[in-house]
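Each chain, letter by letter, is given below.
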Amino acid sequence: MLTLKRLDIADARLLIEGAAEKAREIGVPMCIAITDESGNLVAFERMDGGKTSSVIIAQDKAYTAAAARKATHEYNAANVPGQLAFGIHTEVGGRISSVGGGLPVTVDGEVVGGIGLSSGTPQQDMECAQAGLDYFLAKRG
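Report follows, based on the coordinates. (Residues numbered from 1 in each chain as written. Predicted model: local features only at pLDDT ≥ 70, side-chain atom pairs only at ≥ 80, totals over all residues. Heavy atoms only, no water.)

### Comments concerning the pairing of strand 4 (residues 110-118)
Worth spelling out the cut-off: Classification of residues uses two cut-offs on accessible area relative to the type maximum, computed with a 1.4 Å probe and protein chains only: under 20% is buried, over 50% is exposed, and between them is partly exposed. Secondary structure elements follow DSSP: runs of H or I of four or more residues count as helices, runs of E of two or more count as strands, with numbering from the N terminus. Following DSSP output, two strands are said to pair if at least two bridges run between them.
Where burial is concerned, most of strand 4 is hidden: eight out of the nine residues are buried. Pairing between strand 1 (residues 31-36) and strand 4: six bridges, direction antiparallel. Paired with I34 across the strands is I115, a residue of strand 4. What sits between the antiparallel neighbours strand 3 (residues 102-107) and strand 4 is a turn of two residues, in which D108 has the positive phi angle 55°.

Right under this line is the structure:
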């Protein structure tokens, strides 16, 4: 029998709040997805002006970060011709994202979910995802 730690809706709202605050600060409306530890969607927000194509991209980034237990930009570094992981983005029905902006959410050394952002540049998406994570960790005590 396994006992799992998992984000709840209140946690997801904190992650979204922190990420959205950063997005407003930099002037880029984002799509923000939060998943549980297995990559299933817990909460989603498309800020006014968030790109329609980014709805799915943000969810795939959060899925990748949670299910694979690694940041999407880490896949980016490995997903190049000649590397053994080249083509990883085609796996799991194309859901594996190698574009920066997805981070695992870790509490007490255990991945409990993922956060994924899309609508800005990969660097902006990464900054907002990190802001969401930092806000969540600060608020949860």
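Moving on from the coordinates now.
### Things to note about the sheet that holds strand 4
For clarity, the threshold we go by: Note on method: axes are straight lines fitted to C-alpha atoms, helices fitted across the in-contact stretch only, with angles between N-to-C directions ranging 0 to 180 degrees. Contacts are assigned to residue pairs with any non-hydrogen atoms lying within 4.5 Å of each other.
If you trace the four strands from one edge of the open sheet to the other, you get 2-1-4-3, paired in antiparallel fashion. Edge positions in the sheet fall to strand 2 (41-46) and strand 3, since each of these pairs with one other strand and no more. Looking at each pair of strands side by side, their axes are set apart by 15° on average, direction ignored. Here helix 2 (residues 54-68) sits on the sheet in contact with strand 1, strand 2, strand 3 and strand 4, set at roughly 155° to strand 4. Most of the contacts of helix 4 (residues 122-140) go to strand 3, to which it runs at about 15°, and overall it touches strand 3 and strand 4.

### Details of the packing of aromatic side chains
Heads up, the condition is: Pairs were defined over the aromatic rings of Phe, Tyr and Trp, the Trp ring being its six-membered one, requiring ring centres within 6.5 Å. Orientation was assigned from the angle between planes: stacked under 30 degrees, edge-to-face over 60, tilted for the rest. Each ring is checked for a lysine NZ or an arginine CZ that lies within 6 Å of its centre and within 35 degrees of its normal; such an atom marks a charge sitting over the ring.
Under the definition given, this model contains zero aromatic pairs. The positively charged end of K70 is found above the aromatic ring belonging to Y75, 4.9 Å away from the centroid. Over the face of the ring belonging to Y63 we find R95, whose NZ or CZ atom lies 4.1 Å from the ring centre.

### Brief notes about the side chain of T35
The criterion, for reference: Any pair of nitrogen or oxygen atoms within 3.5 Å is treated as a polar contact; in protein, a donor-acceptor pairing is required on top of that, and neighbouring residues in sequence qualify only through side-chain atoms on both sides.
With respect to the element layout, T35 can be found in strand 1. At 3.3 Å, the side chain of T35 and the backbone oxygen of A62 are in polar contact. Residues contacting T35, with those up to four places away along its chain left out, are L7, N40, L41, V42, A62, Y63, A66, V112, G113 and G114.

### Digging into the pattern of salt bridges
Put simply, the test is: One side-chain nitrogen of Lys or Arg within 4 Å of one carboxyl oxygen of Asp or Glu is enough to make a salt bridge.
In total, this model carries six salt bridges according to the counting rule given. Between D36 and R6 there is a salt bridge whose closest N-O contact spans 3.7 Å. With D36 in strand 1 and R6 in the segment before helix 1 (9-26), the pair connects residues that are 30 residues apart, well separated along the chain. Classification of R6 by relative accessible area gives partly exposed; the value is 48%. The partner of E37 in a salt bridge is R6, with the nearest N and O atoms 2.7 Å apart. Of this pair, E37 sits in the loop between strand 1 and strand 2 while R6 sits in the segment before helix 1, placing them 31 residues apart in sequence. By relative accessible area, E37 is classed as buried at 6%. Three or more residues joined by partner-sharing salt bridges are found here, namely R6, D36 and E37.

### Observations regarding unusual backbone geometry
Not every positive phi belongs to a glycine, and V92 is a case in point at roughly 50°. Following the sequence through the fold, V92 ends up in the loop between helix 3 (72-78) and strand 3. For S119, which is not a glycine, the phi torsion comes out positive at approximately 145°. Within the element layout of this structure, S119 appears in the loop between strand 4 and helix 4.

### A closer look at the packing of helix 1 against helix 4
What counts here: For classification purposes, angles smaller than 35 degrees are called roughly parallel, those larger than 145 roughly antiparallel, those between 65 and 115 roughly perpendicular, and all remaining angles oblique. Each crossing is labelled by how the near helix is turned from the far one, with a counterclockwise turn of less than a right angle marking it left-handed and a clockwise turn marking it right-handed. Think of it as three bins: nonpolar holds Ala, Val, Leu, Ile, Met, Phe, Trp, Tyr, Cys and Pro, charged holds Asp, Glu, Lys and Arg, and polar takes everything else, Gly as well.
Interaxial distance between helix 1 and helix 4 falls to 7 Å at its minimum, and their mutual angle equals 135°. By the angle between their axes, helix 1 is oblique relative to helix 4. Pair helix 1 / helix 4 crosses with right-handed handedness. Residues D11, L14, L15, E17, G18, A19, E21, K22, A23 and I26 of helix 1 touch helix 4, and the partners they reach there are Q124, E127, C128, A131, G132, L133, Y135, F136 and K139. In terms of residue class, the contact of helix 1 with helix 4 is built from ten nonpolar, three polar and six charged.

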